[in-house]
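Each chain is listed here by its residues.
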Amino acid sequence: MNKRYFIVATVCILFSILAGIISKDLVVGGSILATGLLCAYFASEGKRINYVYGFVNYILMGYVAFKNNLFGIFFAYLFIFSPLQIHGFLKWKKNMDDDEQVITRAFTFKNSIIIVLSCILGSMVFGYLLHLLPSQRLAFLDATSNSINLCGVILLNLRFKEAWWLWLVNNVVDLMIWIFTTINHGEGAIMMLLVSIGYLLLNVYGIVKWSKETKRK
C-alpha cells in the first residue's frame, strides 16, 4: 500500500471510530462506515481490494436494513450484492494493468438506453412486490435504490465508468431513505446516513478519477 492509500485508509478508519463513538454505534455502525468508505475509495482507485471491504459492508448493511423493516434492501444486500462482490473480485483479476489497476471502459448509446430502462422497470416491479409486505416502509424508494445500486455494481464489475454516475443518482435516493429513517429514530439510521454522505463524496471522486483513466487508456 502506497503512502496516499495508507493516509486515506487511516483517515476513514479514524473518522468511522469517532462517528461510532458519537452516535453510540461503534461496533456495527462504525464497521459499516469504515468498510463502506474504504470500499468506495479503493474502487475509485481501481483496486481489487475494494471487493473485500464491499462484501463485509453489504452483510452489515443488510443486518441494519432488516432491523428497520427495509426487507428489499436486506434481501438484495444478502443474496445479490454480497455474491456480486466475489464475482467482481474475480472479474477484475483478468483485466488489470501492469500497476495492478483495473482497465476502465466507457458506454455506447445502446448501453445507456438499456441501463436506464432496466433501472426504471426494476424499480417499478420490485417496488410493487415490496409494497405487498405489510411492515415494509418506503417501498418504492427502497426498490429504486436497489435497482440503481444493482446496475451500478454490475457496471463496476464490467469496468464501465458510468457506474459512478448511477451511484451518484442512487446516493440521492439513499439519502432520502436514511433521512426519513433517522427522523423516525430507526436503529443504526444515523450511521447509515453518514455512510450515504461519505459515498456521495467518494462517488464524485470516482467520476473524476475513472473519466480521466478511461480517456488515458
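Residues numbered from 1 in each chain as written. Predicted model: local features only at pLDDT ≥ 70, side-chain atom pairs only at ≥ 80, totals over all residues. Heavy atoms only, no water.

## Focus: the pattern of salt bridges
Two side chains that carry opposite charge are able to pair once their charged atoms sit near each other.
Line of reasoning, step 1. Counted according to the given criterion, the structure contains 3 salt bridges.
Line of reasoning, step 2. Lys161 is the partner of Glu162 in a salt bridge, and the nearest nitrogen-oxygen pair spans 3.4 Å. A single burial state applies to Glu162 and to Lys161, both of which are buried.
Line of reasoning, step 3. Through salt bridges with shared partners, a single ionic network connects Arg4, Glu45 and Lys209. (Salt bridge = Lys/Arg side-chain N within 4 Å of Asp/Glu carboxyl O. Buried < 20%, exposed > 50% of the residue type's maximum accessible area, 1.4 Å probe, protein only.)

## With respect to a nonpolar patch on the surface
Line of reasoning, step 1. Residues Ile13, Leu14, Ile17, Ile21, Leu26 and Val27 make up a contiguous nonpolar surface patch of roughly 560 Å² in combined accessible area.
Line of reasoning, step 2. Counting through the fold element by element, Val27 comes out in the loop between helix H1 (3-22) and helix H2 (28-44).
Line of reasoning, step 3. A relative accessible area of 66% places Val27 in the exposed class. (Patch = residues over 30% accessible without salt bridge, like charges linked within 9 Å, V, L, I, M, F, W, Y side chains within 5 Å. Areas by Shrake-Rupley, 256 points an atom, 1.4 Å probe, with all protein chains shown as cover. Helix = DSSP H or I, 4+ residues; strand = E, 2+ residues; numbered from the N terminus.)

## Focus: the side chain of Glu45
Line of reasoning, step 1. Structurally, Glu45 can be placed in the loop between H2 and helix H3 (50-67).
Line of reasoning, step 2. Not counting chain neighbours up to four residues away, the residues in contact with Glu45 comprise Arg4, Tyr5, Gln101, Tyr205 and Lys209. (Contact = heavy atoms within 4.5 Å.)

## Remarks on the layout of surface pockets
Line of reasoning, step 1. Of the voids in this model, the largest pocket is the one considered here, and its volume is about 170 Å³.
Line of reasoning, step 2. Lining of the largest pocket is provided by 14 residues; of these, Asn146, Ser147, Leu150, Cys151 and Ile154 occupy positions nearest its centre.
Line of reasoning, step 3. Counting residues per element, the ones that place at least two in the lining of the largest pocket are helix H4 (71-93), helix H5 (109-131) and helix H6 (139-157).
Line of reasoning, step 4. The biggest single contributor to the lining of the largest pocket is H6, with 6 residues.
Line of reasoning, step 5. Split into classes, the residues belonging to the lining of the largest pocket amount to 10 nonpolar, 4 polar and no charged. (1 Å grid on protein atoms, 1.4 Å probe; cavity = no way out; pocket = protein on both sides within 12 Å on 5 of 7 lines; lining within 4 Å. Points joined across faces, edges and corners; volume = space filled by probe spheres on them. Nonpolar A, V, L, I, M, F, W, Y, C, P; charged D, E, K, R; others polar.)

## With respect to the packing of aromatic side chains
Line of reasoning, step 1. One pass over the structure, following the stated rule, counts 17 aromatic pairs.
Line of reasoning, step 2. A centroid spacing of 5.1 Å and a plane angle of 65° characterise the contact between Phe74 and Phe75, whose relative ring orientation is edge-to-face.
Line of reasoning, step 3. Where Tyr77 meets Phe81, the ring centres are 5.4 Å apart and the plane angle is 70°; that geometry is what we call edge-to-face. Taken together, the residues Tyr77 and Phe81, both in helix H4 and 4 residues apart, mark about one turn of the helix. Of the two residues, Tyr77 and Phe81, both sit in the buried class.
Line of reasoning, step 4. Looking at Arg48, its charged tip hangs above the ring of Phe89, at a distance of 4.1 Å from the centre.
Line of reasoning, step 5. Stacked on the ring of Phe160, the Lys or Arg Arg105 has its end atom at 4.3 Å from the ring centre. (Phe/Tyr/Trp six-rings, centres within 6.5 Å; stacked < 30°, edge-to-face > 60°. Lys NZ or Arg CZ within 6 Å of the ring centre and 35° of its normal.)

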